[in-house]
Amino acid sequence: MNIRRVAVVGAGMAAARFAQQLLARTSPGAAEVTLYGAEPDTPYNRALLADVLTGRYDPDAIGLPLGEGTTLRTGTRVTAVAPATRSLTLADGTTAPYDTLVLATGAAPVVPPLRGPRDGEPEPGGVHLLRTLADCRALADAARRATHAVVIGGGVLGVSAARALAALGTPTTIVHRGAWLMERHLDDRSAHLARGRIAALGITTHLAARPVTLHGTDHVQALELADGTKLETDLVLLACGVRPRTALARAAGLRVRHGVVVDDRLAASAPGVHAIGDCAEHRGAVHGLTGPAWAQADALAAHLSGTDPGARHTGARPLTRLSAGPLQLAAFGDMTAEHTPGHDVLRYSDTTRGTSTTLVLRGDRLVAGVLLGDLAATGDIALAWQRDEPLPADPSYLLNPEGARA
């Protein structure tokens, strides 16, 4: 086999997994894999940043393995992709050729339109993100000096970050535009229980609230909501979701909708170009989760290595997990389906244990679910969900943790 030059734009979780899997499947010297990462840090598990913030993990402990022989170029930003000539342009003006290109550019944080007290004022200091290790270091330093923190966004990242800040001893408030926290994953009943668990951590919440104005000159002093409420704070964390990074792909003329459009072979719309992870849109879906990203990386590595030329990625049925002190959560699917005609809802709650399970079914298939508290039944339920297999005539055994352990 001729040596193939495989360029990976991005050095995050999907990129690291792909490099490790590809080189594990090819003979030594069969492929030259180069990862181009804009961050100065080597690849790491981004899902554990909140635990790095609390000090549970040292930054070095969340590093990810790369395949032996991988060339890693950190602090190297790719500014242009030329599929016609199969080359990359780097920020320093140099170019690099490739035979196969994998876009693993990830996603960028969504920054809401917050204004200063007077139009045209620059954003004051004290406003943070939590997407990179550099963000994590800056946030940890700020939290040591903060008297109060406000987290804008009550999704999984926002709740995890709020718990981390509270664990550092910083009084913390979550401001969320939704009617309840983590509305993508929870139904209203589960969200009510979750809010109680979060309150037990000393975290207050403002729901159905729209932040509009940052007050402060050099440093933030307060956040004003649309209803006029002012929250005094000297630390604001933006946790408002992410968007796929697609600028390079668009400029290169690749097909892009929400993400870089790929088929079941993870191939983009130009020869020799693939996309995986948070930047990829497969069968109309952009997941932004570790499980689907790694599944895509594995399938592409199997295909490109030749060990399984017919390897395909046919989709993902991810499970979201959150462990935040007294809040233990597992969720999957779209819980709004419980209000859709033709769906059945099964519920199990144990007030003594403080546990709750809600499952949504259509016929004999799981559509969505959420488990709070004792997650002993998660294994059986996750398996039934991910396999998309028909359930038995009486699926109630899934609701009882004791039954799951039996």
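Note that this is a predicted model, so its numbers are computed, not measured.

Draft legend 1. The arrangement of helix α7 (residues 290–305) in detail. With 16 residues, α7 should cover 22 Å at 1.5 Å per step; its first-to-last C-alpha distance of 22 Å lies within 8% of that length. All of the buried residues in α7 are Pro 292, Ala 293, Gln 296, Ala 297, Ala 299, Leu 300, Ala 301, Ala 302, His 303, Leu 304 and Ser 305. Those residues of α7 that are buried lie in contact with β1 (4–9), α1 (13–25), β7 (100–103), β19 (273–275) and β20 (280–282). Just downstream of α7 lies Gly 306, where phi reads positive at about 90°.

Draft legend 2. Representation of the side chain of His 176 in the model. By secondary structure assignment, the location of His 176 is in the loop between β11 (172–175) and α5 (188–200). Assessed through its relative accessible area of 8%, His 176 is described here as buried.

Draft legend 3. How the structure looks around the layout of surface pockets. Considered as a void within the structure, the second largest pocket measures approximately 150 Å³ in volume. In terms of lining residues, the second largest pocket is bounded by 13 residues, among which Leu 193, Tyr 348, Ser 349, Thr 355 and Ser 356 are the most central. Those elements giving two or more residues to the lining of the second largest pocket turn out to be α5, β23 (344–350) and β24 (355–362). Partitioned by chemical class, the residues of the lining of the second largest pocket number two nonpolar, seven polar and four charged.

Draft legend 4. View of unusual backbone geometry. The residue Arg 86 is not glycine, and still its phi comes out positive at about 50°. One non-glycine residue with positive phi stands out, namely Met 182, at about 50°. Considering the arrangement of structural elements, one finds Met 182 in the loop between β11 and α5. Here Met 182 falls in the buried class, since its relative accessible area comes to 1%.

Draft legend 5. Spotlight on the nonpolar core. Core analysis: the biggest nonpolar cluster contains 45 residues, and Val 8, Phe 18, Val 33, Leu 88, Leu 101, Leu 103 and Ile 276 have the highest contact counts within it. Setting aside anything within four residues of it in sequence, one finds Ile 276 in contact with Ala 14, Phe 18, Val 102, Leu 103, Ala 104, Leu 266, Gln 296, Ala 297 and Leu 300. Formed by 43 residues, the second largest nonpolar core is a distinct cluster that contains Leu 53, Ala 146, Leu 237 and Ala 368.

Draft legend 6. Spatial organisation of the environment of Val 111. Within the element layout of this structure, Val 111 appears in the loop between β8 (107–109) and β9 (127–128). Sequence separation between Val 111 and Gly 241 is 130 residues; the distance between their C-alpha atoms is 8.5 Å. With near-sequence residues (within four places) excluded, Val 111 lies in contact with Leu 129 and Leu 238.

Draft legend 7. Examining the sheet that holds strand β12 (residues 203–206) more closely. Sheet architecture is open: five strands sit in the order β9-β16-β10-β11-β12, paired in parallel fashion. Looking at which strands have only one partner, the edges of the open sheet turn out to be β9 and β12. Note: strand β10 (residues 149–152) against strand β16 (residues 235–238), four bridges, orientation parallel. Bridge assignment links Ile 152 to a residue of β16, and that residue is Leu 238. On the sheet, helix α3 (residues 133–145) packs against β9 and β16 and is oriented at approximately 150° with respect to β16.

Draft legend 8. Looking closely at the pattern of salt bridges. Applying the stated criterion across every chain, the model contains 17 salt bridges. Across the pair Arg 189 and Asp 188 runs a salt bridge whose closest N-O atoms are separated by 3.9 Å. According to the relative accessible area criterion, Arg 189 is partly exposed, its value standing at 49%. Residue classification places Asp 188 among the partly exposed residues on the basis of a relative accessible area of 36%. For Asp 388, the salt bridge is made with Arg 365, and the minimal N-O distance between the two is 3.7 Å. Note that Asp 388 is positioned in the loop between α8 (378–387) and α9 (401–405) and Arg 365 in strand β25 (residues 365–372), a separation of 23 residues in sequence.

Draft legend 9. Molecular detail of the pairing of strand β21 (residues 319–324). As defined by bridge partners, β21 adjoins strand β22 (residues 327–333) across six bridges and the pair is classed as antiparallel. Within β22, the position partnered with Thr 320 by the bridge is Ala 331. In this structure, the hairpin formed by β21 and β22 is closed by a connection of two residues, where Gly 325 is found at a positive phi of approximately 60°.

Draft legend 10. Inspection of the packing of aromatic side chains at higher detail. Going through the model one piece at a time under the given rule, you end up with one aromatic pair. Ring centres of Phe 332 and Trp 385 lie 4.7 Å apart, and the angle between their planes is 35°; this geometry places the pair in the tilted category. You can see Phe 332 sitting in strand β22 and its partner Trp 385 sitting in helix α8, a full 53 residues away along the chain. Like Trp 385, Phe 332 is buried. Positioned over the ring face of Trp 385 is Arg 317, at 3.7 Å from the centre of the ring.

Draft legend 11. Representation of α3 within the structure. When the terminal C-alpha atoms of α3 are compared, their 19 Å separation across 13 residues agrees well with the 18 Å that a helix rising 1.5 Å per residue should span. The set of residues buried in α3 consists of Leu 133, Asp 135, Cys 136, Leu 139, Ala 140, Ala 142 and Ala 143. Check the buried side of α3 and you find it contacts α2 (49–54), β9, α4 (156–167) and β16.

What counts as what
Residues numbered from 1 in each chain as written. Predicted model: local features only at pLDDT ≥ 70, side-chain atom pairs only at ≥ 80, totals over all residues. Heavy atoms only, no water. Helix = DSSP H or I, 4+ residues; strand = E, 2+ residues; numbered from the N terminus. Expected span 1.5 Å × (residues − 1). Buried < 20%, exposed > 50% of the residue type's maximum accessible area, 1.4 Å probe, protein only. Contact = heavy atoms within 4.5 Å. 1 Å grid on protein atoms, 1.4 Å probe; cavity = no way out; pocket = protein on both sides within 12 Å on 5 of 7 lines; lining within 4 Å. Points joined across faces, edges and corners; volume = space filled by probe spheres on them. Nonpolar A, V, L, I, M, F, W, Y, C, P; charged D, E, K, R; others polar. Core = buried A, V, L, I, M, F, W, Y, C linked by side-chain atoms within 4.5 Å. Pairing = 2+ DSSP bridges. Axes fitted to C-alpha atoms, helices over the stretch in contact; angles between N-to-C directions. Salt bridge = Lys/Arg side-chain N within 4 Å of Asp/Glu carboxyl O. Phe/Tyr/Trp six-rings, centres within 6.5 Å; stacked < 30°, edge-to-face > 60°. Lys NZ or Arg CZ within 6 Å of the ring centre and 35° of its normal.

Geometric values such as these leave the question of function open.
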